Amino acid sequence: MDLDLIIGIGGLVLLLVLLALRVPIAFSLGIVSLGGVAVLRGGLPAISALETLTFNFIAHWSLSAVPMFLLMGNIAYKSGLTQSLYRAARMWLSGLPGGLAIASTAACAMFAAASGSSVATASAMGRIAIPEMMKYKYDPGLATGTVAAAGTLGSLIPPSILIILFAIFTEASIGQMLIAGILPGILSGLVFAAMIMIRCKINPKLAPKVEGGVTLTEKIQVLREVWPLPVLIVGVLGGIYSGFFTPTEAGAGGAFLAFIIAATQKRLNWTVFKESVIETCSATAMIFLIAMGGIMLTRFMAVSGVPAALSSALGPYGLDPVILVIAASVIYIFLGMFLDSLGLMLLTLPVLLPLFEASGADIIWFGILVIKYLEIGLITPPVGLNVYIIKGVVGDSIPLETIFKGVLWFIVADIFTLTLLIIFPQISLYLPSLMQF
Amino acid sequence: MIKIIHGKSKSARADRKNEPEKWGGYMLEISEKIVNLCARLLMVLGCVAMTMMMLHVMSEVFLRYFFTASIPGTEEIVSGYYMVAVVFLPLGYVQLERGHIIIELFTLKVSERGKAWMDGVVLTVCSAALAIFAYAGFDKAINMTIKNEIWIGMVDVSIWPARWMLPVGLTVMTLMMVVQCIREFQFAVTGKGAIAHRHIEDSERV
């Protein structure tokens, strides 16, 4: 084996070791890649690449969609616009078997459409929906599992920060990638809802019926209160879909209008504004520091030739997209047990992407599958981040094992959705194929 | 740096019983305050850039659709200035809040002091790497200032001042890590002293 390759593979191993030793993800990626490039190409070129690559990466128009969408989500959340979504979903859906759980799923999906983050979705909805389900004596596993799993819809339903970063790393169209997430996101939500309904039909003890009917007037009343947020979301997505706005413009407009909506509903004050902006700034810096590490790793991998070697080792199998996708699913689901989603995506793309490009399959389809894998990774033990978020919300009242057991059903549902997405690429590709640009 | 702390800790362990918080004396405390202040200041600038980005892009869209006009240089200013400000200036503040993600799974069983030892070493290595990054940024910024770097779009926009945000943000983050590193070792050695909270705001994560 040639030396470059050994250094490349050694670097990846060292990277995993550093991660386990509490080195921040961004630094693990950056230090290993900087060291690797320095060994392979010399110290000065490595340091010069460090500045040039990162500055050119950050100073990029399309990247600014990330802070803008984060801001939109933060305003909607901090000003309380999203809280009323659950109330609305509840009024409309609580009549179904497992109605509150289905309402939680629907509210998560809607919240996901305002926020780009799975963890934020689970944490926000967990606080509202779980106490409500517990009040009606829902099975604790079902109550917590629903929100942990439905929270993952945040990464698939646009705007999604992971999807934007995927598109930037793969040089795919951000607009098309975002739109591609819509149908798979809705499908995941529907599969969750169907699974909940079937389970509650078979075993009604899981979800006792909610007493007290809601009149149609009340149902319409609640819509009057929540309509601005869904309309804003449809406007943002419609703007991207029709090519009327770039994703950055849609994000900026969305954030601005979220401010306006919050102000007209008398929910905006200095604290809300300050907290939204500070949180967005912190998150942006944190996310992009990791992304810069990812950029460096891409360079290191390219220089070391690991992806090319992997490709030739796979031989003709490496050219079959379906085999690649299944191999990738094994890698993602295994590593997803230990790593956080953004780090995992940026760690694996530099190796997997060249393979996938060589196979000639559609990169948008691959992207949606990767995001779906990352979502499943958010709820698989031992490091299902969303499960820990929910644990943080419920405190000592529900043990961790109960939540993981509750989530198990949703993992099965997700594997079903994943199979559909692999067998029918059209689910991911239909909407983007209609776009004009 | 580790060695100095070690030497000091062994000789001074006895007298520190009474004043465990004063490791490194007032010098360290004052430097800590200065670094924190710088980090907060840069964070404020980052927040201003974030707000400006939203307003600037909105105005551009508004003008384009209603008056078929545009603000010249929007793309260059958004990508060259606001983005760089929003990404690099808050880094020190995020470090102050310990907001950079680490994987804790494999060290759950390690004692608090053991973790402090590990984090001290990690911070030492990371701050060294970050110092290299900051130096690279500084070098480039000087170069580009001399060359008077300009991006040519609809109008010419001077970009060299933006280059300086990179070394500034990174330097403050480096200093923040150095200060935190000393505190980690203090806790590791003495078992006393304040360690910044290790928890991460969950909504900040993707």
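Values in this document were obtained by computation on a predicted structure and should not be read as measured data. (Residues numbered from 1 in each chain as written. Chains lettered and ligands numbered in written order. Predicted model: local features only at pLDDT ≥ 70, side-chain atom pairs only at ≥ 80, totals over all residues. Heavy atoms only, no water.)

Draft legend 1. Quick peek at the overall build of chain B. Tallying secondary structure elements over chain B gives seven helices and two strands in all. Helices and strands appear in chain B in the N-to-C order α-α-α-α-α-β-β-α-α. Looking at chain B residue by residue over its 206 residues, the buried ones come to 49%. By sequence separation, contacts in chain B at least 24 residues apart represent 76% of the contacts at least 6 residues apart. Surface accessibility of chain B: about 10,100 Å² in total, with carbon and sulfur atoms responsible for 67%. (Helix = DSSP H or I, 4+ residues; strand = E, 2+ residues; numbered from the N terminus. Buried < 20%, exposed > 50% of the residue type's maximum accessible area, 1.4 Å probe, protein only. Contact = heavy atoms within 4.5 Å. Areas by Shrake-Rupley, 256 points an atom, 1.4 Å probe, with all protein chains shown as cover.)

Draft legend 2. Quick look at the overall build of chain A. Looking only at helices and strands, chain A features 22 helices and zero strands. Against the compact-globule benchmark of 22 Å for 437 residues, chain A has a radius of gyration of 22 Å, which places it among compact chains. Projecting the C-alpha coordinates of chain A onto the three principal axes gives extents of approximately 70 × 45 × 45 Å. The buried share of chain A, taken over its 437 residues, is 61%. Within chain A, contacts between residues separated by at least 24 positions form 79% of all contacts whose residues are at least 6 apart in sequence. Per element, the accessible surface of chain A, about 15,800 Å² overall, is 71% carbon and sulfur. (Rg over C-alpha atoms; globule rule 2.2 N^0.38 Å.)

Draft legend 3. Focus on the confidence of the model for chain A. Considering every residue of chain A, the mean pLDDT works out to 88; 99% of them sit at 70 or more. Averaged over each element, pLDDT in chain A is lowest for helix H16 (residues 306–314) of chain A (80) and highest for helix H11 (residues 182–202) of chain A (94). (pLDDT = per-residue confidence, 0-100.)

Draft legend 4. Broad picture of the packing of aromatic side chains. Residue and element names in this part refer to chain A. Scanning the entire structure with this criterion turns up 18 aromatic pairs over all chains. Aromatic pair Phe244 and Phe245: ring centres 5.7 Å apart, planes at 70°, arrangement edge-to-face. Aromatic rings pair up to connect Phe166, Phe356, Trp365 and Phe366 into one cluster. Sitting over the ring of Trp92, Lys219 keeps its end group 5.3 Å from the ring centre. (Phe/Tyr/Trp six-rings, centres within 6.5 Å; stacked < 30°, edge-to-face > 60°. Lys NZ or Arg CZ within 6 Å of the ring centre and 35° of its normal.)

Draft legend 5. Broad picture of unusual backbone geometry. Between Pro158 of chain A and Pro159 of chain A the backbone carries a cis peptide bond, its omega angle lying at -5°. Mapping Pro159 of chain A onto the fold places it in the loop between helix H8 (140–151) and helix H9 (161–170). Not every positive phi belongs to a glycine, and Asn148 of chain B is a case in point at roughly 55°. Assignment of secondary structure puts Asn148 of chain B in the loop between helix H5 (112–147) and strand E1 (150–152).

Draft legend 6. The arrangement of the interface of chain A and chain B in detail. Across the boundary between the two partners, chain A contributes 67 residues, which contact 63 residues of chain B. Of the roughly 5,800 Å² buried where chain A meets chain B, counting both sides, 78% is carbon and sulfur surface. Here chain A and chain B share three salt bridges between them. A salt bridge links Glu249 of chain A to Arg64 of chain B, with the nearest nitrogen and oxygen atoms 2.9 Å apart. Viewed at the interface, chain B and chain A are joined by four residue pairs in polar contact (both at pLDDT 80 or more). Broken down by element, the residue count for the side of chain A that touches chain B peaks at 16 residues, all from helix H15 (residues 270–304) of chain A. Of the residues assigned to the side of chain A that touches chain B, the class counts are 47 nonpolar, 14 polar and six charged. (Buried area = accessible area lost by both parts, 1.4 Å probe. Salt bridge = Lys/Arg side-chain N within 4 Å of Asp/Glu carboxyl O. Polar contact = N/O pair within 3.5 Å; in protein donor to acceptor, adjacent residues only side chain to side chain. Nonpolar A, V, L, I, M, F, W, Y, C, P; charged D, E, K, R; others polar.)

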